[in-house]
Amino acid sequence: MFRKLGGGDMTTSDTTRTHPHGVTELCDDGRRLYASALRSGRISRAEVGPAPCLMDFALLHPDPDDTAWLRPVPPSAALAQRLHPIEREILERRRRSVELAECFEPFMDISAQDPSTTHAITVLEGGNRINAALDLATAECRTEVLTVQPGGDRGEDRLSEGLERALSVVDRGVSMRTLYQHTVRHSHGTLAYAARLAQDKVEIRTLEELIERLLVFDRTVAFIPAQNDDQVALELRHPGLVNYLVKVFEQLWARASPLLGELQYDPPPKGISGVQRSIAQLLVEGHVDDSIARRLGMNVRTCRAHIAKLNVALGSGSRAQLGYLIARSGILEKDS
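Attention in this report is confined to the structure presented alongside it.

Thresholds, definitions, all that
- Residues numbered from 1 in each chain as written.
- Predicted model: local features only at pLDDT ≥ 70, side-chain atom pairs only at ≥ 80, totals over all residues.
- Heavy atoms only, no water.
- Axes fitted to C-alpha atoms, helices over the stretch in contact; angles between N-to-C directions.
- Helix = DSSP H or I, 4+ residues; strand = E, 2+ residues; numbered from the N terminus.
- Parallel < 35°, antiparallel > 145°, perpendicular 65-115°, else oblique.
- Contact = heavy atoms within 4.5 Å.
- Nonpolar A, V, L, I, M, F, W, Y, C, P; charged D, E, K, R; others polar.
- Expected span 1.5 Å × (residues − 1).
- Buried < 20%, exposed > 50% of the residue type's maximum accessible area, 1.4 Å probe, protein only.
- Arc of directions from axis to C-beta.
- Core = buried A, V, L, I, M, F, W, Y, C linked by side-chain atoms within 4.5 Å.
- Salt bridge = Lys/Arg side-chain N within 4 Å of Asp/Glu carboxyl O.
- Pairing = 2+ DSSP bridges.

## Some words on the packing of helix H8 (residues 274–284) against helix H10 (residues 300–314)
Phase 1: Close contact between H8 and H10 brings their axes to 10 Å; oriented N to C, the two are set at 90°. When the interaxial angle is binned, H8 and H10 end up roughly perpendicular. Residue-level contacts link Val275, Gln276, Ile279, Ala280 and Leu283 of H8 to Cys303, His306, Ile307, Lys309 and Leu310 of H10.
Phase 2: The residue inventory of the contact of H8 with H10, partitioned by class, reads seven nonpolar, two polar and one charged.

Encoded structure:
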C-alpha cells in the first residue's frame, strides 16, 4: 500500500545499504532506534546509520538547532499522515459504488420483469473467472455432481484443488460421480484422491476413452471447455443442453468400471491389448499421434510405443501399411 523505499538521504557510510521493506514491516534496527528517539526526544545521525528507513519513512527529521541530531516524528502524526490518503480512497470508492448502484438500478427492474433474459450460455474467459463460477456452482449445489475428467495424471495441484472442492460438496450430503480414463489407474495421486473420497455418496469409474472435460451440478448448470488451453469455458444453463449432457454422461457411466476394482479384459486377439485396439481404431479414423494420446489420456511417447507394438504384431513397415493391415486383421471387429 505504501512505497517500499531503499537508500535515502543519509550521508553516512551506510547509504549503500538497501532496505527493501515497507513502513508496516519496519526492521529490527528501525524499531529499536525509533523507540530510543521517542524516549529521549532526539537521536544522533551517527546512531541511525543501520536504519536509513527511519529517514525514508519520515519518522525522523533534522533538529533545527543542531544538524548533527535528529528528532522523532510523534507516532500519532506519522500514523495520521499515512491514514489520511487511505481514508480518502475509501470514501472515494464508497461514493463510486453508490453511483454505480444508482446507474444500474433502473435496469435491474427491467430484467426482473423478464425471466427469459437468464443467460443460457455464458462464456467464461480466464482461470480466475472459471474458478469463481465453479466455486459458486459448488456452493449452490444441493443434490448431485457429475464430472468427466479426461487425461492421465492430473498433477498434485489440480488434485488438491479438486479434493477441496469435492469435500465441500460431499460434507453437505451431495452425491458425486466422476469418470476418469483407465490411465489414471497407474497414478498414485489419483488413487490416493479416490481413497480419500471413498464413501457411499462418491463413486469413481474409468473408461478407455472419454469426451472432453464436463461438470454438471444438480442437472441445472454444466461447464465444458471452449478451448484446449483451459482458459475459456462455457457455462450452460439451458435445460435442453444440460439434459443432453447428462444423458451422454449416463451412457459413458454404464460402460465404465469402478476405479478401485479390477478391470475385466477379454483375451487380446493376436496379442493386441485393449489400449492398442483403441489406438488402432483412431489410426484408421485418421487421427495423428498427438490427438490419439490426448483422447486416450496418455503422453505422446507412450502412444508411439503402443503404435510400435502394433507395427510388430501386424508386420507393418510404415504408417500407411499399418492402416491397411489393421483393416485386414479383423482386430476392430466386435466379435474378435
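From this point on, the discussion continues.
## A short note on the environment of Ser291
Phase 1: Examined against the element boundaries, Ser291 turns out to sit in helix H9 (residues 289–296).
Phase 2: It is 9.9 Å that separates the C-alpha atoms of Ser291 and Cys303, two residues lying 12 residues apart in sequence.

## Focus: helix H4 (residues 127–140)
What sets the pattern is the α-helix's 3.6 residues per turn: residues three or four places apart point alike.
Phase 1: The terminal C-alpha atoms of H4, which comprises 14 residues, lie 20 Å apart, in line with the 20 Å expected from a rise of 1.5 Å per residue.
Phase 2: All of the buried residues along H4 are Ile130, Ala133, Leu134, Ala137 and Thr138. The buried residues of H4 occupy one face: seen down the axis, they fall within an arc of 135°.

## A few points about the nonpolar core
Phase 1: Counting residues in hydrophobic clusters, the biggest one holds 22 residues, and the most contacted among them are Leu134, Val145, Phe217 and Phe223.
Phase 2: Among the elements of the structure, H4, helix H5 (156–170), strand S6 (175–181), strand S7 (202–207), strand S8 (214–217) and strand S9 (221–225) are those that each provide at least two residues to this core.
Phase 3: The biggest single contributor to this core is H4, with four residues.
Phase 4: When near neighbours in sequence (up to four residues on either side) are disregarded, Phe217 contacts Leu134, Ala137, Thr138, Cys141, Glu144, Val145 and Phe223.
Phase 5: Counting 18 residues, the second largest nonpolar core, distinct from the first, contains Val275, Ala280, Leu310 and Leu314.

## Focus on the pattern of salt bridges
Phase 1: Tallied over the full model, the rule gives 13 salt bridges.
Phase 2: Note that Arg95 and Glu92 form a salt bridge whose closest N and O atoms lie 2.3 Å from each other. Residue Arg95 and its partner Glu92 are both found in helix H3 (residues 75–112); the two are separated by three residues, about one turn of the helix.
Phase 3: Each of Glu92, Arg95, Arg96 and Glu99 takes part in a single network of salt bridges with overlapping partners.

## Notes on the sheet that holds strand S11 (residues 257–258)
Phase 1: Here we have eight strands laid out as an open sheet, ordered S4-S10-S9-S8-S5-S6-S7-S11, and mixed in their pairing. Each end of this open sheet is capped by a strand with a single partner; those strands are strand S4 (121–125) and S11.
Phase 2: Relative to strand S10 (residues 232–236), S9 runs antiparallel, the two sharing four bridges. Bridging across to S10, Ile224 finds its partner in Leu234.
Phase 3: Along the sheet face, H4 touches S4, S8, S9 and S10 and points at about 130° away from the line of S4.

## Brief notes about the environment of Leu207
Phase 1: On the secondary structure map, Leu207 appears in strand S7.
Phase 2: Looking at Leu207, the relative accessible area reads 5%, which means it is buried.
Phase 3: Apart from residues no more than four positions distant in its own chain, Leu207 is found in contact with Tyr180, Gln181, His182, Leu252, Arg255 and Ala256.

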